[in-house]
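Residue-level structure breakdown
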Amino acid sequence: MNTLSVYLGKVLAQATAAAAVNFDTVTTLTIEEGAEQGSESSGLQYNGAAKTFEADGGGTAAPKTNWDGLVYANTKSTYESTNPTARTADAQKRAWVFDVSDLDAATNTVTLKIGSSSVTQLDNGTYGAISVDNTSNLSFLIGRLKNGASVTRAANLGATYEVYKGANAVMPTLTIRDSSTKADNGNGEGFTNAQIAARNGGDGTLNTSYNLR
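No experiment lies behind these values; they were computed from the predicted model shown. (Residues numbered from 1 in each chain as written. Predicted model: local features only at pLDDT ≥ 70, side-chain atom pairs only at ≥ 80, totals over all residues. Heavy atoms only, no water.)

**Let's talk about the overall build of the protein**
- Regarding its fold elements, the protein presents five helices and ten strands.
- Burial status across the protein gives 19% buried among its 213 residues.
- Taking the contacts inside the protein whose residues are at least 6 apart along the sequence as the reference set, 42% of them involve residues at least 24 apart. (Helix = DSSP H or I, 4+ residues; strand = E, 2+ residues; numbered from the N terminus. Buried < 20%, exposed > 50% of the residue type's maximum accessible area, 1.4 Å probe, protein only. Contact = heavy atoms within 4.5 Å.)

Structure follows, in structure tokens:
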């Protein structure tokens, strides 16, 4: 039983484990005072008339039968739990454009935080805001922003950290004409000449029509 207890402890810790442990043979059984159940009485129950797992227990067909030699039995749990509001974790990407064309190197700093933890590492080994003291050499600045320690710290916080040279944050130009007439060939507003001719009471003029596609 001393060695068996280690195994039983591991089985007991698994709710999904099915197990049954029985003695092969029970030769004597003593019930302690106060532990009687039903028609039982305390003291020695039988002596010399041994009971066996196969004959008096459930045998291999039903090993969880409640008999004197049963040590431990567990039925595999069928409980299932669902969370209707649970969502699969999705990767999120964020990007910023750091414009160095109009910076005062003496006063400007840059830092990146994940939650409340700074990722950018300073020259002294701590993490925080880095002074932008050299904007003429972008490779040097990128090296300070993206050093090995910063990349590792971001990874430990669950993110992939990257810094690139070059960006374009300018939207394409959108031109909107404020008037068109049917005299225009390809009037520019997404209407045929016939459609414009029918507009504005049929006078052939379309004023201030914003047709974004």
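**Structural notes on helix 3 (residues 138–145)**
- Among the residues of helix 3, those classed as buried are L141, R144 and L145. Taken end-on, helix 3 shows its buried residues confined to a sector of 100°, consistent with a single buried face.
- Tucked inside the fold, the buried residues of helix 3 contact strand 5 (109–110), strand 8 (130–131) and helix 4 (148–156). (Arc of directions from axis to C-beta.)

**Some points on the environment of G125**
- By the secondary structure assignment, G125 is in the loop between strand 7 (117–118) and strand 8.
- For the pair G125 and A149, spaced 24 residues apart in the sequence, the C-alpha separation amounts to 8.8 Å.

**Some details on the nonpolar core**
- Membership of the largest hydrophobic core is limited to ten residues, which are V100, V110, V119, I130, V132, L141, L145, A154, Y161 and V163.
- Listed in part, the six residues of the second largest apolar core include L8, V11, A17 and Y72. (Core = buried A, V, L, I, M, F, W, Y, C linked by side-chain atoms within 4.5 Å.)

**Section: the side chain of N22**
- Mapped onto the fold, N22 is located in strand 1 (residues 19–22).
- A polar contact is formed between the side chain of N22 and the backbone oxygen of P63, at a distance of 2.9 Å.
- One polar contact links N22 to W67, side chain to side chain, over a distance of 2.9 Å.
- If sequence neighbours within four positions are ignored, N22 has contacts with F53, P63, W67, G69, L70 and V71. (Polar contact = N/O pair within 3.5 Å; in protein donor to acceptor, adjacent residues only side chain to side chain.)

**Brief notes about the confidence of the model for the protein**
- In this model, the protein carries a mean pLDDT of 78, and residues with pLDDT of at least 70 account for 73%.
- Helix 2 (residues 53–56) holds the highest mean pLDDT among the elements of the protein, 92, whereas strand 9 (residues 179–181) holds the lowest, 59. (pLDDT = per-residue confidence, 0-100.)

**Examining the side chain of T120**
- Position of T120 among the secondary structure elements: in the loop between strand 7 and strand 8.
- A polar side-chain atom of T120 sits 2.6 Å from the main-chain carbonyl oxygen of G128.
- Once you skip the residues sitting within four places of it in the chain, T120 turns out to touch V110, T111, L112, T126, Y127, G128, I130, L145, S150 and Y161.

**A closer look at the pattern of salt bridges**
- Enumeration over the complete set of coordinates arrives at three salt bridges.
- One salt bridge in this structure joins D68 and K51, with 3.6 Å as the shortest N-O distance. Highlighted residues: D68 in the loop between helix 2 and strand 4 (70–74) and K51 in strand 3 (residues 43–52), separated in sequence by 17 residues.
- Close ionic contact of E162 with K146 constitutes a salt bridge, the shortest N to O distance being 2.6 Å. Here E162, found in the loop between helix 4 and strand 9, pairs with K146, found in the loop between helix 3 and helix 4; they are 16 residues apart in sequence, far enough to count as distant. (Salt bridge = Lys/Arg side-chain N within 4 Å of Asp/Glu carboxyl O.)

**Topic: the environment of I130**
- Examined against the element boundaries, I130 turns out to sit in strand 8.
- In sequence terms I130 and N108 are 22 residues apart; their C-alpha atoms lie 8.5 Å from each other.
- Excluding residues within four positions of it along the chain, I130 makes contact with N108, T109, V110, T120, Q121, L122, R144 and L145.

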